[in-house]
Amino acid sequence: AQSVTQLDSQVPVFEEAPVELRCNYSSSVSVYLFWYVQYPNQGLQLLLKYLSGSTLVKGINGFEAEFNKSQTSFHLRKPSVHISDTAEYFCAVRASGNTPLVFGKGTRLSVIA
Amino acid sequence: EAQVTQNPRYLITVTGKKLTVTCSQNMNHEYMSWYRQDPGLGLRQIYYSMNVEVTDKGDVPEGYKVSRKEKRNFPLILESPSPNQTSLYFCASSPTPWGNYGYTFGSGTRLTVV
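What counts and how
Residues numbered from 1 in each chain as written. Chains lettered and ligands numbered in written order. Predicted model: local features only at pLDDT ≥ 70, side-chain atom pairs only at ≥ 80, totals over all residues. Heavy atoms only, no water. Helix = DSSP H or I, 4+ residues; strand = E, 2+ residues; numbered from the N terminus. Rg over C-alpha atoms; globule rule 2.2 N^0.38 Å. Contact = heavy atoms within 4.5 Å. Areas by Shrake-Rupley, 256 points an atom, 1.4 Å probe, with all protein chains shown as cover. Lys, Arg positive; Asp, Glu negative; His and termini not counted. Charge placed at Lys NZ, Arg CZ, Asp CG, Glu CD. Core = buried A, V, L, I, M, F, W, Y, C linked by side-chain atoms within 4.5 Å. Buried < 20%, exposed > 50% of the residue type's maximum accessible area, 1.4 Å probe, protein only. Buried area = accessible area lost by both parts, 1.4 Å probe. Salt bridge = Lys/Arg side-chain N within 4 Å of Asp/Glu carboxyl O. Polar contact = N/O pair within 3.5 Å; in protein donor to acceptor, adjacent residues only side chain to side chain. Nonpolar A, V, L, I, M, F, W, Y, C, P; charged D, E, K, R; others polar. Phe/Tyr/Trp six-rings, centres within 6.5 Å; stacked < 30°, edge-to-face > 60°. Lys NZ or Arg CZ within 6 Å of the ring centre and 35° of its normal.

Assigned secondary structure in chain B consists of zero helices and 11 strands. In sequence order, the secondary structure elements of chain B are arranged as β-β-β-β-β-β-β-β-β-β-β. The C-alpha atoms of chain B give 13 Å as radius of gyration, which agrees with the globular expectation for 114 residues (13 Å, within 12%). Taking the principal axes of the C-alpha coordinates as reference, chain B spans close to 40 × 30 × 25 Å. Within chain B, contacts between residues separated by at least 24 positions form 54% of all contacts whose residues are at least 6 apart in sequence. Within the structure as shown, chain B displays about 5,300 Å² of accessible surface, and the carbon and sulfur contribution to it stands at 50%. Placing the 12 positive and 9 negative side-chain charges of chain B at their respective mean positions leaves the two points 6 Å apart.

Printed below as a string of structure tokens:
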């Protein structure tokens, strides 16, 4: 079965600094990868997804992620964070075929003014 | 607007008193799922449904029931709630059970069992 590891449970960063949230998944022949964001007191919303093609995926709010097959990683990055980016971020993976979406445990990003 | 609607948003109940959390989607999605979110544990799947009348257990099904009598609705039933079911619950849906679709989530139900 697929598994997802988010290496950092909490990431504090100063406003306008760059950030990287790390995500590794267990290997599979073919996977679909997602990042979700959960703002305080809200549900999860899709930030970006990798299905195929270019390994660099751009999402909403200036975030991007890079699929690295050899390292089985899908790290999320933003060059300059804002206070409004404070949220919990979840990485998720879905293998091809009849398999459900598997979520990581989340990384809480705190942006400090 | 395409959405997943959960009710109620907040619920405080007593141990043993049966309750139902409703979930409805207006996107004609086949796949629906319930998760609970707890600090440090992330999202854990409770039950899911591939289609009408087709449901199956997720990772943490004990103490919960579900039903899928019609495509749009997927209620979560706690027959005899206990304090360890205090949690934040999310319903999600997807067009199909597999493939390259992500999930659409509801806004969540915060349940407290005292």
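What follows is about the nonpolar core. Core analysis: the biggest nonpolar cluster contains 28 residues, and Leu33, Trp35, Leu48, Phe74, Leu76 and Tyr89 of chain A have the highest contact counts within it. Once you skip the residues sitting within four places of it in the chain, leucine 76 of chain A turns out to touch Val19, Glu20, Leu21, Trp35, Leu47, Leu48, Phe63, Glu64, Ala65 and Tyr89 of chain A.

Attention shifts here to the interface of chain A and chain B. Listed by partner, the interface residues are 21 residues for chain A and 23 residues for chain B. Between chain A and chain B the total buried area reaches about 1,600 Å² when both faces are included, carbon and sulfur atoms providing 53% of it. Taken as a group, Leu44, Arg94 and Phe103 of chain A account for 30% of the area that chain A buries against chain B, more than any other trio of residues on that side. At the boundary of chain A and chain B, one finds zero salt bridges. Run the count over chain A and chain B and you get four residue pairs in polar contact (both at pLDDT 80 or more). At the level of elements, strand 5 (31-38), strand 6 (44-50) and strand 10 (87-95) of chain A are the ones that each hand at least two residues to the side of chain A that touches chain B. Residues that form the side of chain A that touches chain B fall into these classes: nine nonpolar, eight polar and four charged.

As a further point, take the packing of aromatic side chains. Each aromatic ring pair is described using two quantities: the centre-to-centre distance and the angle formed by the ring planes. Inspection of the entire model under this criterion finds 16 aromatic pairs over all chains. With centroids separated by 5.9 Å and ring planes inclined at 65°, the aromatic side chains of tyrosine 64 of chain B and tyrosine 89 of chain B adopt a geometry described as edge-to-face. Of this pair, tyrosine 64 of chain B sits in the loop between strand 6 (54-57) and strand 7 (65-66) while tyrosine 89 of chain B is found in strand 9 (residues 87-94), placing the two residues 25 residues apart along the sequence. As far as the burial class goes, tyrosine 64 of chain B and tyrosine 89 of chain B line up, both buried. The ring of tyrosine 31 of chain B carries arginine 94 of chain A above its face, with NZ or CZ at 6.0 Å from the centroid.

The next point concerns the side chain of serine 93 of chain B. All names here are of chain B. Considering the arrangement of structural elements, one finds serine 93 in strand 9. On the accessibility criterion, serine 93 (1% relative accessible area) is buried. Polar side-chain contacts of serine 93 include one of 2.7 Å to the side chain of histidine 29. Apart from residues lying up to four places away in sequence, serine 93 is in contact with Val4, Gln25, Met27, His29, Tyr31, Met32, Gly102, Tyr103 and Thr104.

Looking at where tyrosine 103 of chain B falls in the secondary structure, it is placed in the loop between strand 9 and strand 10 (104-105). Here the alpha-carbon distance between tyrosine 103 of chain B and serine 33 of chain B, two residues 70 residues apart in the chain, equals 9.3 Å. For tyrosine 103 of chain B, the contacting residues outside a window of four places in its chain are Tyr36, Arg94, Pro100, Leu101 and Phe103 of chain A together with Tyr31, Tyr35, Ala92, Ser93 and Ser94 of chain B. For tyrosine 103 of chain B, the side chain forms a polar contact with the main-chain nitrogen of leucine 101 of chain A, separated by 3.2 Å.

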